[in-house]
Every structure is written in C-alpha cells, then in structure tokens.
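Working through the structure, step by step
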Amino acid sequence: MTPGSPIAAAPRVINVGLPLFVEALAGAGAAVVHVDWRPPAGGDPRLAALLARLDDAEESAGAPGEPR
Amino acid sequence: MTIGEANREALRRVQASTARLTGVALARDVVPGAGDHVVLHAGPPITWERMCGPQRGAVIGACLFEGWAKSADDAIGLAASGALGFDPCHHHRAVGPMAGIVTPSMAVFVVENAAFGTVAHATIHMGLGRVLRMGAYDESVLEKLDFMNRRLAPLLDAAIRRAGGVDLKSTSAQALGMGDEVHNRNKAATALLIRALAPHVAAAGGPDVERAFDFMTTNESFYLPLSMAAAKAALDAAASIAGSTMVTAMARNGTDVGIRVSGTGDRWFTAPAPRVRGVYFPGFGPDDANPDMGDSAITETAGLGAFAMAAAPAIVQFVGGSADLALQTTLDMYEITLGEHEAYKIPALDFRGTPVGIDVRKVVETGITPAINTGIAHKEPGVGQIGAGLTNMAMECFVQAVEYLGGGLRELGGGLRPPSETFPQQQDAPAKPALERGP
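These numbers were taken from a predicted model, which means no experiment stands behind them. (Residues numbered from 1 in each chain as written. Chains lettered and ligands numbered in written order. Predicted model: local features only at pLDDT ≥ 70, side-chain atom pairs only at ≥ 80, totals over all residues. Heavy atoms only, no water.)

**Points about the packing of helix α6 (residues 168–176) of chain B against helix α7 (residues 187–204) of chain B**
Residue and element names in this part refer to chain B. It is the contact of α6 with α7, at a shortest axis distance of 8 Å, that shows an interaxial angle of 135°. In terms of orientation, α6 lies oblique with respect to α7. Crossing angle aside, the handedness with which α6 passes α7 is right-handed. Residue-level inspection shows T171, Q174 and A175 of α6 in contact with α7, the latter providing A188, A189, L192 and R195. (Axes fitted to C-alpha atoms, helices over the stretch in contact; angles between N-to-C directions. Helix = DSSP H or I, 4+ residues; strand = E, 2+ residues; numbered from the N terminus. Parallel < 35°, antiparallel > 145°, perpendicular 65-115°, else oblique. Left-handed = near helix turned anticlockwise from the far one by under 90°. Contact = heavy atoms within 4.5 Å.)

**Thoughts on a nonpolar patch on the surface**
Residue and element names in this part refer to chain A. A cluster of nonpolar side chains, contributed by I14, V16, V33, V35 and W37, occupies part of the molecular surface with about 500 Å² of accessible area. Of all the secondary-structure elements, those providing two or more residues to the nonpolar patch are β1 (12–16) and β2 (31–35). Structurally, V16 can be placed in strand β1. (Patch = residues over 30% accessible without salt bridge, like charges linked within 9 Å, V, L, I, M, F, W, Y side chains within 5 Å. Areas by Shrake-Rupley, 256 points an atom, 1.4 Å probe, with all protein chains shown as cover. Salt bridge = Lys/Arg side-chain N within 4 Å of Asp/Glu carboxyl O.)

**Here's the deal with the environment of L327 of chain B**
All names here are of chain B. Considering the arrangement of structural elements, one finds L327 in helix α12 (residues 323–333). Owing to a relative accessible area of 29%, L327 belongs among the partly exposed residues under this scheme. Each C-alpha atom of the pair L327 and A310 lies 4.2 Å from the other, and the pair is 17 residues apart in sequence. What L327 contacts, discounting residues up to four positions off in sequence, is A310 and L349. (Buried < 20%, exposed > 50% of the residue type's maximum accessible area, 1.4 Å probe, protein only.)

**Some thoughts on the pattern of salt bridges**
Evaluated as defined, the whole model comprises 18 salt bridges over all chains. Put simply, R46 of chain A and E403 of chain B hold a salt bridge, and the shortest N to O gap is 2.6 Å. Highlighted residues: R46 of chain A in helix α2 (residues 45–60) and E403 of chain B in helix α14 (residues 395–411), drawn from two different chains. Residue class for E403 of chain B comes out partly exposed when judged on its relative accessible area of 28%. As a salt-bridge pair, R361 of chain B and D55 of chain A come within 3.4 Å of each other at their nearest N and O atoms. Of this pair, R361 of chain B sits in helix α13 (residues 360–366) while D55 of chain A is found in helix α2, placing the two residues in two different chains. A residue is classified by how much of its surface remains accessible, and D55 of chain A, at 34% relative accessible area, is partly exposed. Beyond isolated ion pairs, a larger network of salt bridges with shared partners links D55 of chain A together with D359 and R361 of chain B.

**Topic: the domain arrangement of chain B**
Residue and element names in this part refer to chain B. Taken as a whole, chain B is organised into domain 1 (3–229) and domain 2 (243–411). Here the C-alpha centre of domain 2 lies 20 Å away from the C-alpha centre of domain 1. Listed as interface residues are 50 residues of domain 1 and, on the opposing side, 66 residues of domain 2. The junction of domain 1 with domain 2 conceals about 4,300 Å² of combined surface from both sides, 63% of it contributed by carbon and sulfur atoms. Linking domain 1 to domain 2 there are one salt bridge. We note a salt bridge from R50 to D256, for which the minimum N-O separation is 2.8 Å. In this structure, the connection of domain 1 to domain 2 is made through 24 residue pairs in polar contact (both at pLDDT 80 or more). (Domains from an automatic or database assignment. Buried area = accessible area lost by both parts, 1.4 Å probe. Polar contact = N/O pair within 3.5 Å; in protein donor to acceptor, adjacent residues only side chain to side chain.)

**A short note on the nonpolar core**
Residue and element names in this part refer to chain B. Membership of the largest hydrophobic core comes to 96 residues, with the highest contact counts inside it found for L21, V59, L84, I124, L156 and L168. Here this core gets eleven residues from one element, more than from any other, and that element is helix α5 (residues 139–163). Composition of this core by domain shows at least three residues from each of domain 1 (3–229) and domain 2 (243–411). Discounting residues that sit within four places of it in the chain, L168 has contacts with A19, L21, V111, Y223, L226 and A230. Listed in part, the 43 residues of the second largest apolar core include V261, I372, M393 and C397. (Core = buried A, V, L, I, M, F, W, Y, C linked by side-chain atoms within 4.5 Å.)

**Focus: the sheet that holds strand β14 (residues 371–377) of chain B**
Residue and element names in this part refer to chain B. Pairing is antiparallel across the open sheet formed by three strands, whose spatial order is β10-β15-β14. Of all the strands in the sheet, the pair left with one neighbour each is β10 (277–280) and β14. When strand polarity is set aside, the average angle formed by the axes of neighbouring strands in this sheet is 20°. When β14 meets strand β15 (residues 385–392), the two strands line up antiparallel, connected through seven bridges. Opposite A377, over in β15, you have Q385 as the bridge partner. (Pairing = 2+ DSSP bridges.)

**Observations concerning the pairing of strand β3 (residues 85–88) of chain B**
Residues and elements named next belong to chain B. Residues of β3 alternate between two faces, with F86 and P88 buried on one and G85 and D87 left unburied on the opposite face. Summarising the sheet, strand β2 (residues 38–41) and β3 pair through four bridges and their orientation is parallel. Bridge pairing in β3 places H41 opposite P88.

**Remarks on α5 of chain B**
All names here are of chain B. For α5, spanning 25 residues, the distance from its first C-alpha to its last is 34 Å, which sits close to the expected 36 Å at 1.5 Å a residue. The largest bend along α5 measures about 45° and falls at L152, with the proline P154 one to four residues further on. Positioned one or two residues after α5, G164 has a phi angle of 75°, which is positive. (Expected span 1.5 Å × (residues − 1). Bend = angle between axes of the 7 residues up to and from the residue.)

**A closer look at α7 of chain B**
All names here are of chain B. The end-to-end C-alpha distance of α7, which contains 18 residues, comes to 25 Å, matching closely the 26 Å that a straight helix rising 1.5 Å per residue would cover. At L197, α7 shows its largest bend, some 45°, and a proline, P199, comes one to four positions later. Regarding α7, the residues found buried are A188, A189, T190, L192, L193, I194, L197, H200 and V201. Among the structural elements, β1 (20–26), α5, β6 (166–167), α6, α8 (209–217) and α9 (224–237) are those in contact with the buried residues of α7. Just past α7, the residue G205 takes up positive phi, approximately 65°.

**Focus on the sheet that holds strand β9 (residues 269–272) of chain B**
Here four strands make up an open sheet; going across it, the order is β9-β8-β7-β11 (chain B) and the pairing antiparallel. The two strands at the open ends of the sheet, each matched to only one other strand, are β9 and β11 (293–294) of chain B.

Here you go:
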C-alpha cells in the first residue's frame, strides 16, 4: 500500500439504501452518510417502466434550450 | 406541452389563485344542478346501495329537512326507490365535509377565485358531535339545520356583503402563522373570520344576532368549509391541463376514496376507503369507526391540512401523535409535491412554503402517500362524530393514474397527450355570483 493513497486514509462512506450497513460502519467508528433511497415504485418493474416512460416523455419533448 | 410544462402551468394556477368569500346563498340558486330531489355527496360517485352508514344517515336527515320524507323509514324508502339523484359535490362546483350532503334548500358559502373565474361552494359548518355531516339526523340536528340555513344564512350574507367580502387566502395564510393547518384545526382562522364579520353582523341586526354569535364562537371549525371552498376554487383553475400529472382533487365517501388528476380531467381513480388512526371520544373506539370520509382532503390537495401540519403542532392533541409527527408529516409531503406554496408559510420551517401540487408519479415512485387530517364518524347512521385522526390516501388511486397516463403515452406512440384531452369542469353555465343577486 502506498502511503498517502486514498486507500490508506480512514474510509469516508456514503451508504445508499439499507440502513443496516450504516449502523455497522458507524459502530466501527467510520464516517458515514446515509442516503435514504429505495427502488422506484417499491421495486415493481412494471410500474417502474411506466414511470420511466413518463419521465422519458418529459425529457424528450422539452423545448430547445430548456434546462434539463 | 411537456409533462413538466403542464405541471408548471398547473402549479402556477394554484399559486396565482385568489379566494374571496362573497356571500351565502341557497344551493338551488347558485350550485349548478342542485334541484329537487338531487342529493350531492362527498367523494367519488356512489350509489345508495354501496353508501356507508353515516352518509346514509346524512341523506336521511337531508330528506327530512327538505320535507321530501316524514320519517327516517320514508327517507330510506325514497332513496332505495331510485327517486333521489345522487352525484358528487365535486361535479357541481361544491365540496362537503365528511358525508358532504348538499340539497337545494341548504345554504352555501360562495367563494370566488377572480384570477381564473372559478367559483366554489360549501355548506355552513354545524359543529362537533351529533351533526348531519357525521350521519346524525335527530330533532336537535334538524332544529340546528333550520337555524343555520333559514336564519343564520341570510344574516351572514348581509354581513359579508356589507364587509365587501372576506379575503380567505390572506385569512388562511395568517392562520398558519397562528397555529392552524385550516383543516382539522381552525381556531385562529375562525377567530379571524369572526373579527372581520362581527361589526357587520351587529349592523345587520335582527332577532338572530345573539344566537349567530353564539353559534360561530362556540364552533372552532366554523372556518373549515371556507378553507375547503377556497382550495376547490384554486384547484379547479388547474384542472384539465393536458399532460399534467398533478392531483386536483382527493375525496372520500366512506366507502371509496378517489383522486382526480389535471391531465385526466373528470375521471376518478378510486380504491376502498382506508381506516383512520385516531383519538376517540369517551365511550367509542376503532370498532365503531367508519372508514375515511369527506371532501375536506381538498385542503391537503391545495397544500394545507396535514401538508401544513408543521405549522400546527398543537393539533396532535386532537388527532393523536407527537409534535415531531406533525413536523415529519409536512417534511414527507415535500417528497411528493411539485413546489412550495408562495402564500402559505410555516414559521417553524423558517417560513418555508407548504408542500403543494401532488404529483402522482412521485407518490408511486417514493411509496409515500398523501397524509390527511380527518374526523371520524360512527359507522352506523344516526350517531355522529366519535373522534378525529390521521390517515393516508390509498396508493391504488395513484397507481391507477400512472397506469392510465403511461398507457395513454403508449397508445399514442409516445406522444405527450394523454387519452382524455379536455374536460369542462368549470365550463357549464356559470352560477350567479352572490354579490350580484338582488336585495
């Protein structure tokens, strides 16, 4: 391991999703930020596809130069 | 127009809406379609056969009040015979709390949204306990109905006209700064309204002034129908914008709950009415409770009620929970809304605007359903209110809306216009404004 490389530093962790990992890392003294994220539509692939279609429609038909 | 543009326009109309109380009139004179043997009710469409106990009780009371029946059994027979025309208040520029029954001889407040030319109506609030909107119909209820609609209403109309109307948007905004969320807590708003009208009620004079003041000052929810009508007038202005995924109505009839979405016009997306998590009056409990009921969730749809609960922590003494719950409920609602209200601010959040403009896509995506502060009616007709509490709209309504909107895009080859194009929610013959009526 090279001194000064990122891997040598104390880990700073961003946890996405399950809070279980946050508790384990925090318990071990690691700096951790939790992002409360869940799969869209509770993981239902059919509804997620419908939502994506509605989002795609919004994106694809925006006026030229409209902020994305 | 993209979905984003459509939603920005829908939200802009809600934000720019005004709400002015201009008078009180009989429903038959101002509510479109409120005629003989027509019974308007809360929530999405429903038949007598599927109607819940308290809504049936309110129909019985309305039939007795109108003189259409001489007894409860007469009224039940009349309803079962098909002689009554049932239709949602929402289809007639009106909203009704709990059972939400409106019949032609009932007086309604007239609230005008001059910015967009919409108008909405709601009946006078009767108070707590044994009241018509909770399904009670005994002699005390009928006597109070007679006073409200035949004596109080003309006095209030005269006072409101003399005052030149009352700005309800300003009143609601002030009340949020005084601890109300103007759905289940209306203490400040009611006081502000009475302060605005008191000199004019006194000036109008007559034998009913003392009872009028007693009626208004002992009913801390007197303002609720005005909050509801103001919300309805604003959201009707945002209805029927092709492509918009913003909710324009949430309503419950005690059997079903339903939502309407701007881009799908008059269509209802419905599901079974959920239970309410509540605080009960002494002697009652969850087994006595009817599922969720009433058009009053129009306040949440407009960014008030449970959506503004962080402004009203004291409400948890009435609906249950903790002050932290009140704060967290509002914070959660930011996850499913398109914007923050420019007029309705929450002091405890450093005057952040309330979450407003529910997006059906965000509800389905996050799994967070709109929260609602509500009353609880006894499940049997003739009893009345037994508590108050919190509930959430059924996810199924929002899933159906996303399926409909997404399916429409597929059917149209990926275009942006949903299957239903335009809907004339406020394009029928305009009701006569209260202030233009003759003396």
